[in-house]
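Residue strings, one per chain:
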Amino acid sequence: MADTKREIERKYESDESGLPDLTGVAGVATVLAKGVAELDAVYYDTPDERLAAASITLRRRTGGSDAGWHLKFPVSSGVRDEIRAPLSETLPRDLAGLVRSRVREAELVPLVRLRSTRDVSDLLDADGGLLAEVSVDAVRAERLTDGGRSAQWSEIEVELADDGDPAFLDKVEKKLRKAGVRPSASPSKLARALRETATAEPGTAGTDTAKSGKRKKKGAGGKKGGAGPAKPGGAAEHVLAYLRVQRDAIVELDPAVRRDLYDSVHSMRVATRRLRSTLKSYGKVLDRTVTDPIGDELKWLAGELGVGRDHEVLAERVTEALAALPENLVVGPVRTRVRTWVGEGSSGSRRTLIAALDGERYLTLLRTLDAMIAEPPLLKGAGGDPEKVIGKAVARAFGKVSDLVEEALAQPPGAERDHAMHEARKKGKRARYAAEAATPLLGSPAKHLVRDMKSLQSLLGDHQDSVMARETLRELALQADRAGESSFTYGLLYGREERRAELAEAALPEAWRTITADSAF
């Protein structure tokens, strides 16, 4: 099984003088020599270096104390997450899954071999606790493709101890700089090796289809024979820029979703919704006969990402409401029944999601997005005045929200009003995403609409959550009744949810008046 380590380190240029004296670094009581290790690592990537382009490294290393497969993802400058797996001849399946959104159908090949002679020292505090590990590495790099050029250099690497204070690295760096040591110009050994052993310009590995798969033959303009490539400053430029960011977000979030990192599923789902909404909102720019099928696939992906997520949000609402009740109002085994319901809803959802990400349908969607962005199906509006074309699109999206809100306000309380408010919430999201795409061009008016639509979403979202919570509580009450248990507590929670919905409905008219008065659309 793979395990993860947060790696916080800094690299420095070195020469034959080796490691400067670090005993004067504040907090360091002892510099303990640990000996010399011989490390041999082969780095894998696609022939066009897609992983390297994303600052991701994948290696198989022997020697030292952590031999095995190592996959590193950038977190921030000098900070990476290293996922480790035991040494084996072939790449472990779980690590292969983590790079699938980048690699796609391409082959991972041995690209560079790095052999390092590592002289290791530990920086210890007065209690013998580890502050950081410092090594002087003599590196020999060999390109395993393109003629096998080689390079060699020496560097100093300072890696913070687990749970250490990153500020300590500043103290070490101050001492190193005083000794004439300067930070490395390369963020990693691999980056330097690729640069110094390259025989030509390395492949630029983006996610565009030309670099990651076969491109569909349908060219720009789609079925209607559009306007051709967008002119600089045209409406298409702004729409495509937003679509590109969301496409990249899906690709970048894929490993985080597989690792079950906090908020990753929600963030990836939002990116799919932004893409789908933008394709719908800007139908005067991009041919919807081409983009609607893509939107259907994005809806499918959002649904897969929502497996378990919607239940999780609803479960949190119900359990928090139950926890807030005084003990004398919890009649019967309510907590046990609710816990059972929570567990049943979440079981298997993660396996379902990973199976979807491992499937061919998902890869086809990524390739299709690449093709659409590389050769967009442009219509006449794509080359039109950006402010007019994009402003009209945002206004149309806002108009649809307005119609549904007015419809909801005209309905008496009940199922029809609930439905209209829910539809208004969905259209509010679309208007928000249309305004997000327009913000770099339209500025404050679009920014204000984004803010207003967020506020509307919050109000209508709380109302919809109440609708769903009441449905759940009614079903739990029926289950309890059939089991001969009291349904009193479920009824009490139902009534409280009903009141929350009433408050949201009562707040809607004033909230909507404020939004319409503020809107420039």
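This structure is a prediction, so every number in the text was calculated from the model and none was measured.

Undergrad: Help me out: how do you make sense of the overall build of the chain in this one?
TA: Across its full length, the chain holds 17 helices and eight strands. Reported as C-alpha extents along the three principal axes, the dimensions of the chain are approximately 85 × 70 × 45 Å. Across the chain, contacts joining residues at least 24 apart in sequence account for 74% of those joining residues at least 6 apart. Carbon and sulfur atoms make up 51% of the accessible area of the chain, which amounts to about 24,800 Å² in all. Here the chain carries 83 positive and 81 negative side-chain charges, and the mean point of each set is 5 Å from the other.

Undergrad: How do you make sense of a positive patch on the surface when you look at a structure like this?
TA: Taken together, K284, K388, K392, R396 and K400 make up a surface patch of like positive charges. Turning to its location among the elements, R396 is positioned in helix α14 (residues 386-410). We classify R396 as partly exposed; its relative accessible area is 35%.

Undergrad: Looking at this model, I keep getting lost on the pairing of strand β2 (residues 30-45). Mind explaining?
TA: Where β2 lies against strand β6 (residues 109-124), 15 bridges are found, and the strand directions are antiparallel. By the bridge assignment, V42 is partnered in β6 with R113. Here β2 pairs with strand β3 (residues 57-62) via four bridges, running antiparallel. Paired with A41 across the two strands is R61, which belongs to β3.

Undergrad: Help me out: how do you make sense of the packing of helix α8 (residues 264-281) against helix α15 (residues 415-442) in this one?
TA: When two helices pack together, their arrangement is captured by the angle between the axes and the distance separating the axes. Where α8 contacts α15, the two axes come as close as 9 Å, and the packing angle between them is 85 degrees. As the angle between them shows, α8 and α15 are arranged roughly perpendicular. Here V270, R273, R274, S277, T278, K280 and S281 of α8 come into contact with α15, specifically with K429, R430, R432, Y433, A434 and E436. Taken together, the residues that form the contact of α8 with α15 break down as three nonpolar, three polar and seven charged.

Undergrad: Please explain the pairing of strand β4 (residues 68-76) as it appears in this structure.
TA: Two faces make up the sheet, and in a regular strand the side chains alternate between them. Alignment of β3 against β4, held across five bridges, turns out to be antiparallel. Within the sheet, the bridge partner assigned to R60 lies in β4 and is W69. From the end of β3 to the start of β4, which pair antiparallel, there are five residues, and G63 there has a positive phi angle of about 90 degrees. As paired strands, β4 and strand β5 (residues 79-85) are joined by seven bridges and run antiparallel to one another. For H70, the partnering residue across the bridge sits in β5 and is R84. Between the antiparallel neighbours β4 and β5 lie two residues, among them G78 with a positive phi of about 80 degrees.

Undergrad: Explanation requested: helix α12 (residues 349-358) in the structure shown.
TA: Because the α-helix completes a turn every 3.6 residues, residues three or four places apart line up on one side. When we look at burial in α12, the residues that qualify are S349, L353, A356 and L357. Buried positions in α12, seen along its axis, are confined to an arc of 95 degrees and lie on one side of it.

Undergrad: How do you make sense of the side chain of R80 when you look at a structure like this?
TA: You can see R80 is positioned in strand β5. Within the structure, the side chain of R80 is placed 3.1 Å from the side chain of E9, a separation counted as a polar contact. R80 has contacts with K5, R6, E7, E9, T57, K72, F73, P74, V75 and S188, leaving out every residue within four places of it along the chain.

Undergrad: What should I look at first to understand the side chain of R59 in this one?
TA: Relative to the elements of secondary structure, R59 occurs in strand β3. Within polar-contact distance, the side chain of R59 engages the side chain of Y43 at 3.1 Å.

Undergrad: What should I look at first to understand the pattern of salt bridges in this one?
TA: Note on pairing: side chains with opposite charge can pair once their charged atoms come close. Following the criterion strictly, the structure yields 57 salt bridges and no others. Linking D81 and R259 is a salt bridge whose minimum nitrogen-to-oxygen distance equals 3.0 Å. Here R259 lies in the loop between α7 (235-258) and α8 and D81 lies in strand β5, a separation of 178 residues in the sequence. Residue R288 is joined to D292 by a salt bridge in which the shortest nitrogen-to-oxygen separation is 2.9 Å. Here the residue R288 and the residue D292 both occupy positions in helix α9 (residues 288-306), the gap between them amounting to four residues, near one helical turn. Residue classification places R288 among the partly exposed residues on the basis of a relative accessible area of 29%.

Undergrad: Help me understand unusual backbone geometry in this model?
TA: One non-glycine residue with positive phi stands out, namely E49, at about 60 degrees. Its place among the elements puts E49 in the loop between β2 and α1 (50-53). Positive phi, close to 65 degrees, is recorded for D163, a residue that is not glycine. Relative to the assigned elements, D163 resides in the loop between β8 (150-160) and α4 (167-178). Judged by its relative accessible area of 84%, D163 falls in the exposed class.

Undergrad: Please explain the nonpolar core as it appears in this structure.
TA: One recurring pattern in soluble globular proteins is that nonpolar side chains are buried together. Among the nonpolar cores identified, the biggest contains 67 residues, and L243, Y282, V285, M453 and L456 are the most heavily contacted of them. When residues no more than four places from it in sequence are discounted, the contact partners of V285 are A235, A236, V239, P377, L378, L379, G381, A382 and V389. Ranked by size, the runner-up nonpolar core spans 17 residues in total, among them L22, L131, V134 and V172.

Undergrad: Honestly, the environment of V120 in this entry has me stumped. Any pointers?
TA: Within the secondary structure, V120 sits in strand β6. Judged by its relative accessible area of 11%, V120 is buried. Along the sequence, V120 and E133 sit 13 residues apart, while their C-alpha atoms lie 7.1 Å from each other.

Undergrad: Looking at this structure, I do not really get the packing of α14 against helix α17 (residues 488-518). What am I missing?
TA: At a closest axis distance of 11 Å, the pairing of α14 and α17 adopts a crossing angle of 155 degrees. Judged by the angle between their axes, α14 and α17 are roughly antiparallel. The way α14 lies across α17 gives a crossing that is left-handed. Across from F398, V401, S402, V405, E406 and L409 in α14, the residues of α17 making contact are L508, P509, W512, I515 and T516. Each residue belonging to the contact of α14 with α17 can be placed in one class, and the counts come to eight nonpolar, two polar and one charged.

About the cut-offs
- Per chain, residue numbering runs from 1 following the sequence as it is written.
- Residue-level local features of this predicted model are given only where pLDDT is at least 70; pairs of side-chain atoms are given and counted only at 80 or more, and the full residue set underlies all totals for whole chains, interfaces and linings.
- Excluded from the side-chain calculations are hydrogens and water; all other atoms, namely the structure's heavy atoms, are used.
- By definition, any uninterrupted DSSP run of H or I lasting at least four residues is a helix, any uninterrupted run of E lasting at least two residues is a strand, and each is numbered from the N terminus.
- Should any heavy atoms of two residues lie within 4.5 Å, those residues are counted as being in contact.
- Note on areas: Shrake-Rupley, 1.4 Å probe, and residue coverage restricted to the protein chains presented here.
- Under the convention used here, Asp and Glu are negative, Lys and Arg are positive, and both His and the chain ends fall outside the count.
- Think of each charge as sitting on NZ of Lys, CZ of Arg, CG of Asp or CD of Glu.
- Candidate patch residues must exceed 30% relative accessible area and have no salt bridge, after which like charges are joined if within 9 Å and Val, Leu, Ile, Met, Phe, Trp or Tyr side chains if within 5 Å.
- Just to be clear on terms, a salt bridge is a Lys or Arg side-chain nitrogen sitting within 4 Å of an Asp or Glu carboxyl oxygen.
- Here the term buried applies to any residue with accessible area under 20% of the maximum for its type, exposed to any over 50%, and partly exposed to those in between, with areas from a 1.4 Å probe on protein chains only.
- Should DSSP find at least two bridges between two strands, the strands are taken to pair.
- Note on definitions: angles span 0 to 180 degrees between N-to-C directions of axes, and those axes are lines fitted to C-alpha atoms, for helices only across the stretch in contact.
- In this scheme, roughly parallel covers angles under 35 degrees and roughly antiparallel covers those over 145, while 65 to 115 is roughly perpendicular and the rest are oblique.
- Note on residue categories: nonpolar means Ala, Val, Leu, Ile, Met, Phe, Trp, Tyr, Cys or Pro, charged means Asp, Glu, Lys or Arg, and polar means any other residue, Gly included.
- The arc refers to the directions leading from the helix axis to the C-beta atoms.
- Whenever a nitrogen or oxygen atom comes within 3.5 Å of another N or O atom, the pair is scored as a polar contact, on the condition that within protein one atom can donate a hydrogen and the other can accept it, and that pairs from neighbouring residues in sequence are kept only if both atoms are in side chains.
- Here, nonpolar core means buried Ala, Val, Leu, Ile, Met, Phe, Trp, Tyr and Cys residues that are tied together by side-chain atoms lying within 4.5 Å of each other.
- Should the near helix be turned anticlockwise from the far one by less than a right angle, the crossing is left-handed, and should it be turned clockwise, the crossing is right-handed.

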